[in-house]
Amino acid sequence: MFALTFLGTSASVPSVERNHPALLVEAAGKRILVDCGEGTQRQLLRSGAGFRRLDRILLTHAHLDHVLGIPGLFSTLGLRQSADVMTIHGGQGTLDLVIRMLAGLWGVGRAPIAVEFSALTEGQVMDAGDFTIDCFPIRHRDTDSFGFAFQSPARRHLRPERLAELGVPDGPMRGELAAGRPVVIADRTIDPEDVLGPPSGGRKLVVIGDTETTEDLSKYVSGADLLVIEATFLDRDASTARDYGHLTARDAATFAAATNVGQLVLTHQSGRYEDDEVLAEAARIFPNTRIAADFDRIAI
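So, here's what we can say about the structure. Remember, it's a predicted structure, so these values are computed and weren't measured experimentally.

**Re the pairing of strand 2 (residues 22-27)**
Okay, step 1: Of all 6 residues that make up strand 2, 5 are buried, and the element is covered over most of its length.
Okay, step 2: By the bridge criterion, 5 bridges tie strand 1 (residues 3-8) to strand 2 in an arrangement that is antiparallel. Pairing of Phe6 across the sheet is with Leu23, part of strand 2.
Okay, step 3: The pairing of strand 2 with strand 3 (residues 30-34) spans 5 bridges and is antiparallel.

**Focus: the sheet that holds strand 6 (residues 115-119)**
Okay, step 1: Ordered by their spatial adjacency, 7 strands build an open sheet running 6-5-4-3-2-1-16, and the pairing between neighbours is mixed. At either margin of the open sheet sits one strand with a lone partner, and together these are strand 6 and strand 16 (297-299). Here the strands of the sheet are splayed against their neighbours by 20 degrees on average, with no regard to which way each runs.
Okay, step 2: Contacts from helix 2 (residues 70-79) reach strand 3, strand 4 (54-58), strand 5 (86-90) and strand 6, with the element oriented near 170 degrees to strand 5.
Okay, step 3: This element, helix 3 (residues 92-106), spans strand 5 and strand 6 of the sheet and lies at about 155 degrees to strand 6.

**Things to note about the pairing of strand 9 (residues 145-152)**
In summary, the side chains of a regular strand alternate between the two faces of the sheet.
Okay, step 1: When you tally the buried positions in strand 9, you get 7 out of 8 residues, the bulk of the element.
Okay, step 2: What sits between strand 8 (residues 132-138) and strand 9 in their antiparallel hairpin is a turn of 6 residues, with Arg141 showing a positive phi close to 55 degrees.
Okay, step 3: Here strand 9 pairs with strand 12 (residues 203-207) via 5 bridges, running antiparallel. Each bridged residue has a counterpart across the sheet, and for Ala149 the counterpart in strand 12 is Val206.

Calculation notes
Residues take numbers from 1 onward in each chain, read along the sequence in its written order. Where totals are concerned, whole chains, interfaces and linings use all residues; where local detail is concerned, this predicted model gives features only for residues with pLDDT of at least 70, and gives and counts side-chain atom pairs only at 80 or more. For the side-chain quantities, the full set of heavy atoms in the structure was used; hydrogens and water were omitted. Only protein chains enter the accessibility calculation, which uses a 1.4 Å probe; a residue whose area is less than 20% of its type maximum is buried, one above 50% is exposed, and one in between is partly exposed. Helix and strand assignments come from DSSP, with helices taken as H or I runs of at least 4 residues and strands as E runs of at least 2, each series counted from the N terminus. Pairing between strands is defined by DSSP: at least two bridges between them are needed. Angles shown run from 0 to 180 degrees and are taken between the N-to-C directions of axes, each axis being a line fitted to C-alpha atoms and, for helices, limited to the stretch in contact. Any pair of residues with heavy atoms lying within 4.5 Å of one another is described as a contacting pair.

Encoded structure:
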């Protein structure tokens, strides 16, 4: 299962209701930030999520509304004497900006907490065992931008009725079968295929930050249970969206429909529109759409 907490859902300018972009993703005991806009540390507190076990940040790109919260977060973690090493993943240009920002505050190679930087290239970011994270390139103005796909594998579970029929007792033998290894009972071999059901339970979450187009992204997004993506403009302002390198709600919904995702969540909302307007434009094309608000929680 992936649990999402939206910590900031505004476009470039925050509002009373919406903070700068940040998303907390939790899975299998791991807690990962996607972007860290200004004020993210306070949003973590207000959401009740706090700072425990927070040791990884994925940055979609280097625009300041997505990274300016890092120094404040690091200062607080330093005061709390966090022993965790914070790993920051981003395109090389994004990391260069963050490194310069931290050096300007604390000196070259220094920060209130231990930090490691990992430059992104298309492909796997990490394998946590129970889930993986892959990244893929995004086109957004002059930045080296990336989207992220979180995926948990489908698993095959033991079928209780077959275990009973074949006389497999509770205990280690069932563990061996679940691990894909045959067992022998009274000179009779029982293969895993005899007792395992079909694959089930895999989940896919895709998070895309600012992007000027969805062209060439279908292969990364197709079949996702949940797609989080920006919708900064409405279709009536499509030319402005193109000028600033963003999508319209119509663009996002059309993409969701074409890629057979389960649910669409729109974020990076502009104060020029009411949520109902944005939702109406998207839902006409892709009905299972919602507008993210700060502190919304979604589990898949």
